[in-house]
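Observations on chain architecture
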Amino acid sequence: NLAVYAMRAAGIPVGIETVPHWGDRNMGHTFNVVYDNDRTYHDFSGGEQNPDEHLCRFGRIIPKVYQRTFGKQPTSLAMQHGNEDVPALFLDAYRLDVTTHYPFIEAKDITVDLPQAPNRQFAYLCVFDPRGWAPVAWGKVNGKQAEFKAVGPNIVYHAALYADKKLQLVGNPFLLDTLGQITYFTPQAE
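Residues numbered from 1 in each chain as written. Predicted model: local features only at pLDDT ≥ 70, side-chain atom pairs only at ≥ 80, totals over all residues. Heavy atoms only, no water.

1. Here we look at unusual backbone geometry
A positive phi angle is found at Ala150, which is not glycine, with a value near 50°. Here Ala150 lies in strand 9 (residues 145–151). Looking at Ala150, the relative accessible area reads 8%, which means it is buried. Of note, Lys165 is a non-glycine position whose phi angle comes to about 65°, a positive value. (Helix = DSSP H or I, 4+ residues; strand = E, 2+ residues; numbered from the N terminus. Buried < 20%, exposed > 50% of the residue type's maximum accessible area, 1.4 Å probe, protein only.)

2. Some points on the packing of aromatic side chains
When we look at a pair of aromatic rings, we describe it by the centre distance and by the angle of the planes. With the rule as written, the count across this model stands at 10 aromatic pairs. Between Phe31 and Tyr102, the aromatic rings sit 6.4 Å apart at their centres with planes inclined by 80°, giving edge-to-face as the arrangement. Taken together, the positions of Phe31 in strand 2 (residues 29–35) and Tyr102 in the loop between strand 5 (95–97) and strand 6 (108–113) put the pair 71 residues apart, joining distant regions of the chain. For Tyr102, a relative accessible area of 2% gives the class buried. With centroids separated by 5.7 Å and ring planes inclined at 25°, the aromatic side chains of Phe90 and Tyr124 adopt a geometry described as stacked. Of this pair, Phe90 sits in the loop between strand 4 (66–68) and strand 5 while Tyr124 is found in strand 7 (residues 122–127), placing the two residues 34 residues apart along the sequence. Chaining the aromatic ring pairs together yields one cluster made of Tyr66, Phe90, Tyr124 and Tyr162. Its guanidinium or amino end placed over the ring of Trp22, Arg25 lies 5.0 Å from that ring's centre, counting from NZ or CZ. Arg95 extends its terminal NZ or CZ atom over the ring of Tyr66, reaching a point 5.7 Å from the ring centre. (Phe/Tyr/Trp six-rings, centres within 6.5 Å; stacked < 30°, edge-to-face > 60°. Lys NZ or Arg CZ within 6 Å of the ring centre and 35° of its normal.)

3. Regarding the sheet that holds strand 2
Strand order in this open sheet of five strands is 3-2-1-4-5, and the pairing throughout is antiparallel. Strands with a single pairing partner mark the edges of an open sheet, and in this sheet they are strand 3 (41–44) and strand 5. Neighbour-to-neighbour, the strand axes of this sheet turn through a mean angle of 35°, independent of strand direction. Both strand 4 and strand 5 contribute to a ladder of three bridges, which runs antiparallel. Paired with Arg68 across the two strands is Arg95, which belongs to strand 5. Contacts from helix 1 (residues 2–9) reach strand 1 (14–19), strand 2 and strand 3, with the element oriented near 155° to strand 1. (Pairing = 2+ DSSP bridges. Axes fitted to C-alpha atoms, helices over the stretch in contact; angles between N-to-C directions. Contact = heavy atoms within 4.5 Å.)

Encoded structure:
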């Protein structure tokens, strides 16, 4: 916030973006971003690194990046969910998915199989945390599948539904590789 205040006072359009949860370890990350005249985003951490030196060091472990905006985003889940219960992360109408602004993430659009057609419009992609799976992305349900846009590769995900204020994991966890291929981890019976 200090970098935002100082740079905005000098007329530099700086914002804040968030990785809600890392793809390979606990917690997430918040950092600064500046949008230049070439319509390019440059990430940095005020007082730590130069632009473009901060986030790229994490490029292989980023599932999603969201930007906090001034106006409500019509594409946000908060503006689309109607009466369907959704995780707290996605109730923020001022949250914009900007994962594709970072080419080093190599984000992929994927379709995930669901074991049965759910009674829900939306599904979620979760990453592992010792306290439980944490949702990082949402997608639309279409029959027995869910479609997710711009998802970071080289991460193990688990699909979930959300009802009664609880995540309900569905199917099996899977690895999304850099080619966009999904490999499910299916338990074997002894």
